[in-house]
Structure formats: structure tokens, C-alpha cells
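Coordinates in review
In case you want the letters, here they are:
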Amino acid sequence: MDEVPTADALVVVDVQNAFVSGAEAVPGYARLLAAVAAMLENARASGVPVIFIQNDGPSGAVDEPHTSGWELHFTPRPGEHIVRKERDDGFDGTGLDDLLAASGVETVAICGMLSEMCLAATARTAMAIGYGVILPHDGHATYDVPPGPGGSPGVPAHLAARAAEWSLGDEVTIVASASDVRFARHQAG
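Read on for a plain summary of the structure.

The rules we used
- Residues numbered from 1 in each chain as written.
- Predicted model: local features only at pLDDT ≥ 70, side-chain atom pairs only at ≥ 80, totals over all residues.
- Heavy atoms only, no water.
- Bend = angle between axes of the 7 residues up to and from the residue.
- Helix = DSSP H or I, 4+ residues; strand = E, 2+ residues; numbered from the N terminus.
- Buried < 20%, exposed > 50% of the residue type's maximum accessible area, 1.4 Å probe, protein only.
- Core = buried A, V, L, I, M, F, W, Y, C linked by side-chain atoms within 4.5 Å.
- Pairing = 2+ DSSP bridges.

Before going further, it helps to examine helix H4 (residues 115-128). An α-helical segment advances 3.6 residues per turn. Residues three or four places apart therefore align on the same side. Where H4 bends most, at Ala121, the angle is about 30°. Counting buried residues along H4, 10 of its 14 residues qualify, which places the element largely inside the surrounding structure. Residue Gly130 follows H4 closely and has a positive phi angle near 110°.

So, about the nonpolar core. Formed by 31 residues in total, the largest nonpolar core has its most connected members in Leu10, Val12, Val36, Met39, Leu40 and Phe183. Broken down by element, this core gets its largest block of residues, 7 residues, from helix H2 (residues 29-46). Counting residues in each nonpolar core, the second largest holds 23 residues, with Ile53, Phe91, Leu100 and Leu119 among its members.

Below, the discussion takes up the pairing of strand E3 (residues 50-55). E3 sits mainly inside the fold: 6 of its 6 residues count as buried. Neither face of E3 is open: one carries Val50, Phe52 and Gln54, the other Ile51, Ile53 and Asn55, and all of them are buried. Alignment of strand E2 (residues 9-13) against E3, held across 4 bridges, turns out to be parallel. Its bridge partner being in E3, Leu10 is matched across the sheet by Val50. As defined by bridge partners, E3 adjoins strand E4 (residues 81-85) across 5 bridges and the pair is classed as parallel. Across the sheet, residue Asn55 finds its bridge partner in E4, namely Lys85.

See the structure below:
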């Protein structure tokens, strides 16, 4: 197996209460939360920047700002950042790139949800602007895709998440487990 690159930042995308508890929770949310918790623990122990992306949903949505569903599931610690967004891409109209650049970040580990939407959009932009991206297979999730037009079948959430990984191409480093991700502060050279 090739050696997994080391991440020098962790980006946690939209791990908000509405998506990991209650009726709107993604399938497999307990596994996702365990993976994100492990990544947070490792990133914090390594002293790398931790950035939480928080989606501001529209009025009436489960993630409408300042509702219980909108709240982050994991509490950021002092010195960790929250980047609020209104669109899928965590870089679009936010200060995410500035935060990463100010810390000299070269490679980010990304986790969260939804696999094919906000997580994938954020990962794509990260790669497009020059960051390395590490994505653990157990560190992201989405919903079941319902049947579509013309009798096309629905897709179980775990397969939709796998397809989202695959769609990122060969620039992303996909690892089996959050426990496979290594963190270390970037050393300017």
C-alpha cells in the first residue's frame, strides 16, 4: 500500500445536529460521528488547524440559522474556526482559503456531509486551488437517493457516498478509515 500523505489541517463539513440526529439523520450517522470524532481527536493532538464548515440553510429548512438543527454537533475548541456558508462549496464566498493559506496548509483532510454535495464541492475546489485532499471512506455520508424518472432505481446511501468519492477523480487520496489519516503541522521549508 502506498503511504498516505500527512494532512496539516482538518476541515469538517456540515456536521450539524439536523443531519446526525432525529428524523433527518443520514443513514449510518453513528459510524460517521465516530469517524469524525477520531479525526478531531487526532488533529487536535497534532496541533493542526481545525475548521468547521456550517451550512446556513434557508428559512424553514432543518439547518436554518440559529435553530437546534443548525448547531454544530461537535463543539469547536478555542482557536478552532467556524466558516459559515450559504452554498455547497465551503470556499464559495467564505474565508476558508484565507484561513488555510494563513496557516501554511498544503494538505487537508476533509470529512462530513453530504458526500455528493457540500463535501464533494469543497474537496473539488480545494484540489482546484492547489491543496492536497485526503478523504476517509468512513468519514463522510449522505442520504439514500430515491428512485428517479423512467423507473430508474433508488441508490442506497452507502453506494451514493462511494460514487461521490469516485467522482472526485484520482487527485484525491481516499483512505479506508479515519484512523488511517495522519496529521502533522506543516513545516515551512
